[in-house]
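So you can see what is in the structure, the chains are spelled out below.
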Amino acid sequence: MSHDAHPYIGFEEYSERVPQSIPLAVQQATDRFVGGRAARVAELPQWEELRQIGSDIRLHTIENMDVYLTRLEEKVKLAGGHVHWAETAEDARRIVLQIAKAHNVKTAVKSKSMATEEIGLNHALGAAGIEALETDLGEYIIQLAGTGPSHIIVPAVHLKKEEIAALFSEKLDIHAPADPIELARIAREILREKFLDAGMGISGGNFLVAETGTLVMVTNEGNGRMCTTLPDLHVAVVGIDKVIPDWESLTVFLKLLARSATGQKLSTYTQFITGPRRAEGESGPKEFHLVLLDNGRSKVLKDPVGREVFKCIRCGACANVCPVYKNVGGFAYGWFISGPIGAILSPQMLGTQTARELPYASTLCGACADVCPVKIPIPTILRHLRRRVAQGDEFAGPTLPAPIRVTASIAAFALAQNRLYRFGTRLLPLLMSIFKRGDWIPNAPYPLNRWTKARPLPPFTAQFRGWWNVRSSKRKDSAR
Ligand code: SF4
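Each value, and the rule that gives it
Per chain, residues are indexed from 1 in the order of the written sequence. For this predicted model, a pLDDT threshold of at least 70 governs which residues receive local features, and a threshold of 80 or more governs which side-chain atom pairs are given and counted, while totals over whole chains, interfaces and linings are taken from all residues. Excluded from the side-chain calculations are hydrogens and water; all other atoms, namely the structure's heavy atoms, are used. Three labels apply to residues, based on accessible area from a 1.4 Å probe with only protein chains included: buried if under 20% of the type maximum, exposed if over 50%, partly exposed otherwise in between. Only DSSP runs of H or I reaching four residues or more are called helices, and only runs of E reaching two or more are called strands; each is numbered from the N terminus. The contact rule is simple, with two residues in contact once any of their heavy atoms fall within 4.5 Å. Polar contacts, as used here, are pairs of N or O atoms within 3.5 Å; protein pairs need one atom able to donate a hydrogen and one able to accept it. Residues neighboring in sequence count only if both atoms are side-chain atoms. The way it works is a 1 Å grid over only the protein atoms, where trapped points that fit a 1.4 Å probe form a cavity and open points with protein on both sides within 12 Å along at least five of seven lines form a pocket, and then any residue with an atom within 4 Å of a point lines it. Grid points are joined across faces, edges and corners, and a volume is the space filled by probe spheres set on the points. The residue classification treats Ala, Val, Leu, Ile, Met, Phe, Trp, Tyr, Cys and Pro as nonpolar and Asp, Glu, Lys and Arg as charged. All others, Gly included, are polar. The pairing criterion is simple: DSSP has to find at least two bridges between the two strands. Note on geometry: axes are lines fitted to C-alpha atoms, helical ones only across the stretch in contact, with angles between N-to-C directions running from 0 to 180 degrees.

1. Things to note about helix α8 (residues 137–145)
Then step 1. Along α8, the residues that are buried comprise Gly 138, Glu 139, Tyr 140, Ile 141, Ile 142 and Leu 144.
Then step 2. Those residues of α8 hidden inside the fold are in contact with α6 (114–118), β3 (131–134), α9 (161–172) and α10 (180–197).
Then step 3. Between a side-chain oxygen at the N-terminus of α8 and the backbone nitrogen of Gly 138 the separation is 3.1 Å; the capping residue is Asp 136.
Then step 4. Within two residues after α8, Gly 146 carries a phi angle of roughly 75°, on the positive side.

Here it is, written out as structure tokens:
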């Protein structure tokens, strides 16, 4: 994958920069979430019904997004807020910078926002001389580490407490013990000062309620409230896909989200923001700006199969059960959003030219679809995107190199012809014996050399039919 526009670790750097402990740390943390989710779901007999309702609401909203976004804009303005439409990531960065400069902002405090990760906002603010400080503990840790998030809801899940203590000691020039409570205290002390000094609070949002123009934030730390109430200026950058019709819909998603994400009945803080403060003496910012980010979403919305990705409520449950994610960790997905949801979102948002490997980085076991609280058919979308990569469709041309496509077409034709297939099973072992060294093929010709660069290939023996015939005749003999 190409990472020119994003400050994340790419595939090439992955093996060099990722410590060996990542899979273990990720496995331990995700196993805890899986257990918690199962316990909370078991308490709710109507869970499957809720999932279906959640899925239906999201699909309805996707199909009528223009209506709900128009209503949302109207209501936010009515509540005294400002609405900005950002067609691209660059537009969104420019809008936030303009607002910051107009208010002479020197420091911005941020509450966890995937949308600002998506647009690379911290770099843009830094380049403009504005200090942007992440205040969610996990985000603060990875900001110090200089990497991106490795999990949707637990961005520093790959780090153990000893590694975080070493990071704090190095970057903050203190002696930090490997004690989670002590580490949280250190971060809290530093961040409290920043909350009080900051000229601007920047947040994302979990949902946007069109009915009243309300931004909903679901968090487990108090930092979100501080970011959005202490500074006089609050800017929320939110993807257009976060809009939902009304408060009744919200009750469904709140029930689904916390249970699926962390195994809680409800997250610790659920915050509702409808415009800026109305009168002196009330808490909250004097100015509220909502930046509605498109950045390729409208294009994806045209694809009736792929657009179901926008049903996602970012709970991370799919990553917690994914056997691939648990073994490779989040950085291997290359973009800010990892796991099965990243594997269907990134190729659609960035294009299959940039992220064509991701639809293939799956065993298609279906565990993700089984746990998804809004029933996103992840394996179906993965296959849909694989087809796009291999053959192209109305949304994008094929991106596999021509020799591989030709080889695949020949193989598909040959496999469908019985005689040709039988002839091939005799010919192939002979051809491969030219490259065989001992029991393995260490250097295969193109395109198989892409595999043998990393590991040797076992020779094709094409023994299945022979094995099957022997097995069948043995069973017949024993049945007589
Ligand atoms: S795809 Fe489903 S399970 Fe995965 S993060 Fe989104 S809502 Fe959660």
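2. Things to note about the layout of surface pockets
Then step 1. Space inside the largest pocket adds up to approximately 2000 Å³.
Then step 2. Among the elements of the structure, α18 (378–391), α19 (402–416), α20 (418–433) and α21 (449–452) are those that each provide at least two residues to the lining of the largest pocket.
Then step 3. Element by element, the count of residues in the lining of the largest pocket is highest for α19, at 10 residues.
Then step 4. Partitioned by chemical class, the residues of the lining of the largest pocket number 29 nonpolar, six polar and six charged.

3. Focus on the sheet that holds strand β9 (residues 269–273)
Then step 1. Spatially, the four strands line up as an open sheet ordered β8-β5-β6-β9, and their pairing is mixed. Only two strands of the sheet have a single neighbouring strand rather than two, namely β8 (243–244) and β9.
Then step 2. Where strand β5 (residues 207–209) and β8 come together, two bridges link them in parallel fashion. If you follow Leu 208 over to β8, its bridge partner there is Val 243.
Then step 3. Across the sheet, helix α12 (residues 247–262) is in contact with β5, β6 (214–219), β8 and β9; its angle to β5 comes to roughly 160°.

4. Thoughts on the side chain of Ser 338
Then step 1. Following the sequence through the fold, Ser 338 ends up in the loop between α15 (323–328) and α16 (339–349).
Then step 2. Taking relative accessible area as the criterion, Ser 338 reaches 1% and is therefore assigned buried.
Then step 3. Engagement of the side chain of Ser 338 in a polar contact is seen with the backbone oxygen of Ser 150, the distance being 3.3 Å.
Then step 4. Setting aside its immediate chain neighbours within four residues, Ser 338 contacts Ser 150, His 151, Ile 152, Tyr 325, Gly 330 and Tyr 333.

Any functional reading would require information beyond the geometric quantities listed.
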